[in-house]
Amino acid sequence: MDADVIVVGAGLAGLAATAELTRAGRRVLLLDQEPESNLGGQAFWSFGGLFLVGTPEQRRMGIRDSRELAWQDWLGSAFFDRGVDDPAGEDYWAYRWAQAYVEFAAGEKRSWLHGMGVRWFPLVGWAERGGYLADGHGNSVPRFHVTWGTGPAVVAPFERRVREAADSGLAGLRFRHRVDELTVTGGTVDGVRGAILEPSRAARGIRSSRTVTGEFELHAPVVIVTSGGIGGDLDLVRENWPDRLGPAPDRMICGVPEYVDGRMLAIAERAGGRLVNRDRMWHYTEGIQNWDPIWARHGIRILPGPSSLWFDARGRRFPAPHFPGFDTLGTLAAIRATGFDYSWFVLTQKIIEKEFALSGSEQNPDLTGKDIKLTLSRVRPGAPAPVEAFKRHGADFVVARTLPELVAGMNKLTPEPLLELADLEQQIVARDREIDNPFTKDLQVMAIRNARRSRGERLARTAAPHKILDPKAGPLIAVRLNLLTRKTLGGLQTDLSGRVLGPASADTGPRPVPGLFAAGEVAGFGGGGMHGYRSLEGSFLGGCLFSGRQAGRAAARETGVLPVSRTGAAAARRQCRRRPASPPPCPRPWPRSALPR
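Note that the coordinates shown come from a computational prediction; the quantities given were computed from them, not determined experimentally.

Residues and numbers for the overall build of the chain, please.
A count of helices and strands for the chain gives 19 helices and 21 strands. Against the 2.2 N^0.38 benchmark of 25 Å for 597 residues, the chain shows a C-alpha radius of gyration of 24 Å, consistent with a compact globule. Projected onto its principal axes, the C-alpha positions of the chain cover 75 × 55 × 50 Å. Within the chain, the proportion of its 597 residues that are buried is 62%. A separation threshold of at least 6 residues defines the contact pool for the chain, and within that pool the share at least 24 residues apart is 77%. Seen as two clouds, the 78 positive and the 65 negative side-chain charges of the chain have centres 7 Å apart.

Structural data, given as structure tokens:
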């Protein structure tokens, strides 16, 4: 054996699993096809948002949250409907992972990360607001906690622990090792086989060479797959696109680097793993083309406040609840129902200054760089510099003083001029009339006023209600919105230990594939789809952390009967002296009878 455990994929889930394993004294080989510059994977590029429940940050904002309310929201969003009570069902373990994750998010998640030095921006964001009934989709309260330092600050403590383990001889980092096969002996996964790619100096996110210079084969009693999803392979996205979201789009932009290719899903399936919920995916409707791209078709998501008017390609305003930031997949289906793969925001300078944020660590230099002075500018007049840069240089932006000029500019951005000035003007004027009173029948205006009852929204996220055509709020701005690929919500089915399950038999439910574990996006962030059909946001990074931790701890227990070398034992003791013991494993999930349905 070359190690106690082999981890395939050096993203956040892989780092979390490796950190747990090496802390327990296990010898780990961490493999990735990309160069070392990509350590941390997609998490590095993220906004650093985490789904947390009942936190001090929420309480300081006057937000009353609870585990019960979070679970109600999760169930209303996930809509598990594929055999929740059947051990052979696709949602059987997804449901149980969801239980465990909400318990984690309402329990030790914050204290666990806080103990590693992670901190959060004090204003809690309100993502995925839903817009339906109380037990329907969406967050009832703001829960989106932005990490101080964004994605890189989430990655940092786990990268540090893994590098310390590498220095002490417990972890081996093997970059440019592309796994092409899981080796199986007597029905047990016992290693990996693949190609060594030529060295690459490609910067983070830049496409790296696929030239093969050699082969490798490595063996261990446990292999953990943490290789991510399919968002970088647009053909694979279209192949798995669900009918419920309308026809697969011809044109999409890409919210993840090209190496997010989904290769390990098929490789793990060939080794006996069961893939479930293949049609569940999470793509954004507010994508804009990056004017300074890093990878091919690079898109950035607008994180919108609730005030922009949303129109389809022909200039028809979307009805409730298809408002900015309310229901991502519901609006995606509404857009595809129009027969087009783009839509429009129409807004004012006053709105863009208060409500536009851009997803991604590189688009938020104030938060990423932990620059307090620069961050304070978010609550002052003026849009953040990256937003203004997109307004000036972005291919999807139109800025004009008058509505006729704006519509003319919008029509220039599309293959054919579909927008009629009179139609757009009639709808905007009708909406503007609703601003004259503090009460209204326009549900979007109601939602704006409701949002501003939240301290954080009023301070830095939701503009005061005003008329779109008020010259004092101008200039007018239109943004062409593209469909942006992002996350895979289905994947390898795993039990609560992260063990990959095989196909269900006629007599029993699926059984674990000996030696094979999975965590992160490749496992649907746990169980093969703990989000169900929809995400509440902030649960992707957290899902990588939780599932990586669970798989790492379980694999450490499974390999505990193996002898640990003196060098390994000494390294483990040194690591334990460097830091306090981590909290105990996540408690058992609640019995279903105790949960609101």
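Go over the side chain of R486, please, and point to the residues and values.
Residue position: R486 is located in strand 18 (residues 476–488). The side chain of R486 is buried and forms no salt bridge, while E537, the nearest opposite charge, is found at 6.9 Å. Leaving out residues up to four positions away in the same chain, R486 has contacts with G231, G255, V256, W282, H283, Y284, R301, S359 and E521.

Outline the packing of helix 4 (residues 92–106) against helix 18 (residues 539–558), supporting the account with residue identities and numerical values.
Look at helix 4 against helix 18: their axes get within 11 Å of each other, and the N-to-C directions meet at 105 degrees. The angle between the axes of helix 4 and helix 18 places the two elements in the roughly perpendicular class. From helix 4, W97, A100, Y101 and F104 reach across to helix 18, where they touch S539, G542, G543, F546, S547, R549 and Q550. Residue composition of the contact of helix 4 with helix 18, grouped by class: 5 nonpolar, 5 polar and 1 charged.

So, the layout of surface pockets: which residues are in play, and what are the values?
Here the largest pocket defines a volume of roughly 260 Å³. If you trace the largest pocket, you find 16 residues lining it, with W126, R129, G131, N139 and S140 closest to the centre. Ranked by residue count, the leading element in the lining of the largest pocket is helix 16 (residues 443–451), at 3 residues. The residue makeup of the lining of the largest pocket, split by class, is 7 nonpolar, 7 polar and 2 charged.

Account for the packing of helix 1 (residues 12–23) against helix 6 (residues 150–167), naming residues and giving values.
It is at 9 Å that the axes of helix 1 and helix 6 come closest, and there the two elements cross at 45 degrees. If you check the angle between helix 1 and helix 6, you find them oblique. Relative to helix 6, helix 1 is oriented so that their crossing is left-handed. In this structure, helix 1 contributes L12, L15, A16, T18, A19 and T22 to the contact, and helix 6 contributes V154, V155, F158, E159, R161, V162 and A165.

Can you break down the nonpolar core residue by residue, with the values?
With 150 residues, the main nonpolar core has W74, F158, L182, V192, I224 and V479 as its most contacted residues. Once residues within four sequence positions are removed from consideration, V479 is found in contact with I288, I302, S343, W344, F345, L347, F356, D396 and F397.

Account for the environment of A385, naming residues and giving values.
As for its placement among the helices and strands, A385 is situated in helix 13 (residues 385–393). The exposure class assigned to A385 is exposed, which follows from its relative accessible area of 60%. Sequence separation between A385 and G360 is 25 residues; the distance between their C-alpha atoms is 14 Å.

Could you give me a rundown of the pattern of salt bridges, with the residues and numbers involved?
With the rule as written, the count across this model stands at 36 salt bridges. Of the charged contacts in the structure, one is a salt bridge between R549 and E108, with a shortest N-O distance of 3.2 Å. Residue R549 is found in helix 18, and its partner E108 is found in the loop between helix 4 and helix 5 (109–114); the two are separated by 441 residues along the sequence. Its relative accessible area of 0% is what places R549 among the buried residues.

Explain the sheet that holds strand 8 (residues 212–219) to me, using residue names and the numbers behind them.
Across the sheet, which stays open at both edges, the 3 strands sit in the order 6-7-8 with antiparallel pairing between neighbours. Two strands lie at the open edges of the sheet, namely strand 6 (177–185) and strand 8, each paired on one side alone. Going from strand to strand, the sheet's axes swing by 20 degrees on average, the running direction of each strand aside. Direction of pairing for strand 7 (residues 188–197) relative to strand 8: antiparallel, over a ladder of 7 bridges. Bridge pairing links A195 to E215 in strand 8.

I'd love a proper account of the side chain of D73, names of residues and values included.
Position of D73 among the secondary structure elements: in helix 3 (residues 67–78). Accessibility expressed as a relative area gives 0% for D73, which makes it buried. What D73 contacts, discounting residues up to four positions off in sequence, is A134, G136, G138, N139, S140, R143 and L536.

Which residues make up the environment of V155, and what are the values?
Topologically, V155 is positioned in helix 6. The exposure class assigned to V155 is buried, which follows from its relative accessible area of 2%. Once the C-alpha coordinates of V155 and P242 are considered, the two residues, 87 residues apart in sequence, prove to be 32 Å apart. Every residue in contact with V155, bar those within four places of it in the chain, is listed here: L12, L15, G40, A43 and F44.

Can you break down the sheet that holds strand 20 (residues 499–501) residue by residue, with the values?
Spatially, the 6 strands line up as an open sheet ordered 5-2-1-9-21-20, and their pairing is mixed. Looking at strand neighbours, the two that pair on one side only are strand 5 (171–175) and strand 20, the edges of this open sheet. Within the sheet, the average angular offset between the axes of one strand and its neighbour, ignoring direction, is 30 degrees. Across 3 bridges, strand 9 (residues 222–225) lies against strand 21 (residues 512–518) in parallel orientation. When the bridges of strand 21 are listed, V225 appears paired with A518. With respect to the sheet, helix 1 is in contact with strand 1 (5–8), strand 2 (28–32), strand 5 and strand 9, its orientation differing from that of strand 2 by roughly 170 degrees. Its contacts with the sheet put helix 6 on strand 2 and strand 5, and the angle it makes with strand 5 is roughly 105 degrees.

Tell me about the packing of aromatic side chains, and name the residues and values.
Across all of its chains, the model carries 25 aromatic pairs by this definition. Aromatic side chains F323 and F326 sit 5.5 Å apart centroid to centroid with 85 degrees between the ring planes, which places their arrangement in the edge-to-face category. Each residue in the set F51, W74, W97, Y101, F104, W112, F158 and F546 is aromatic and connected to the rest through ring pairs, giving one cluster. The ring of Y92 carries R96 above its face, with NZ or CZ at 3.8 Å from the centroid. One cation-aromatic arrangement involves R204 over F44; the distance from NZ or CZ to the ring centre is 3.7 Å.

Please provide a residue-by-residue account of unusual backbone geometry, values included.
What is expected of a backbone is that most residues other than glycine have negative phi and most peptide bonds are trans. Look at the link from A320 to P321: it is a cis peptide, with omega at 0 degrees. Tracing the backbone shows P321 in the loop between strand 14 (309–311) and helix 9 (328–337). P475 follows G474 through a cis peptide bond whose omega is 5 degrees. Unusually for a residue other than glycine, N277 sits at a positive phi of about 50 degrees. By secondary structure assignment, the location of N277 is in the loop between strand 11 (275–276) and strand 12 (281–289).

Definitions and limits used
Residue numbers here run from 1 along each chain, matching the order of that chain's written sequence. The model is predicted, so local features are restricted to residues of pLDDT at least 70 and side-chain atom pairs to those at 80 or more, both for listing and for counting; the totals for chains, interfaces and linings are taken over all residues. The side-chain figures draw on all heavy atoms in the structure; neither hydrogens nor water molecules are used. A run of H or I in DSSP becomes a helix once it reaches four residues, and a run of E becomes a strand once it reaches two; helices and strands are each numbered from the N terminus. Our radius of gyration looks at C-alpha atoms and nothing else; its globule reference is 2.2 Å times the residue count to the power 0.38. Buried residues are those whose accessible area, probed at 1.4 Å on protein chains only, stays under 20% of the maximum for their type, while exposed residues exceed 50% and partly exposed ones sit between those limits. We call two residues in contact whenever any of their non-hydrogen atoms come within 4.5 Å of each other. His is not counted, nor are the chain ends, whereas Lys and Arg count as positive and Asp and Glu as negative. To locate a charge, take NZ of a lysine, CZ of an arginine, CG of an aspartate or CD of a glutamate. Here, a salt bridge means any side-chain nitrogen of Lys or Arg that lies within 4 Å of a carboxyl oxygen of Asp or Glu. Whenever a helix is involved, its axis is fitted only over the stretch in contact; in every case the axis is a line through C-alpha atoms, and angles between N-to-C directions fall within 0 to 180 degrees. Orientation labels follow simple angle bins: below 35 degrees gives roughly parallel, above 145 gives roughly antiparallel, 65 to 115 gives roughly perpendicular, and whatever is left gives oblique. The nonpolar class holds Ala, Val, Leu, Ile, Met, Phe, Trp, Tyr, Cys and Pro. Asp, Glu, Lys and Arg form the charged class, and all remaining residues, Gly among them, are polar. Grid points spaced at 1 Å over the protein atoms alone were grouped into cavities, where a 1.4 Å probe fits but cannot get out, and pockets, open sets with protein on both sides within 12 Å along at least five of seven lines, with lining residues defined by an atom within 4 Å of a point. Grid points are joined across faces, edges and corners, and a volume is the space filled by probe spheres set on the points. Here a crossing is called left-handed whenever its near helix is offset anticlockwise from the far helix by less than a right angle, and right-handed whenever the offset is clockwise. By convention a nonpolar core is built from buried Ala, Val, Leu, Ile, Met, Phe, Trp, Tyr and Cys residues, the set being connected through side-chain atoms within 4.5 Å. Note: two strands are recorded as paired if DSSP finds a minimum of 2 bridges between them. Whether two aromatic rings pair depends on their centres lying within 6.5 Å, for rings of Phe, Tyr and Trp, where Trp uses its six-membered ring; planes under 30 degrees apart make the pair stacked, over 60 edge-to-face, and the rest tilted. Throughout this description, the term charge over a ring refers to an Arg CZ or Lys NZ atom that lies within 6 Å of the ring centre and within 35 degrees of the ring normal.

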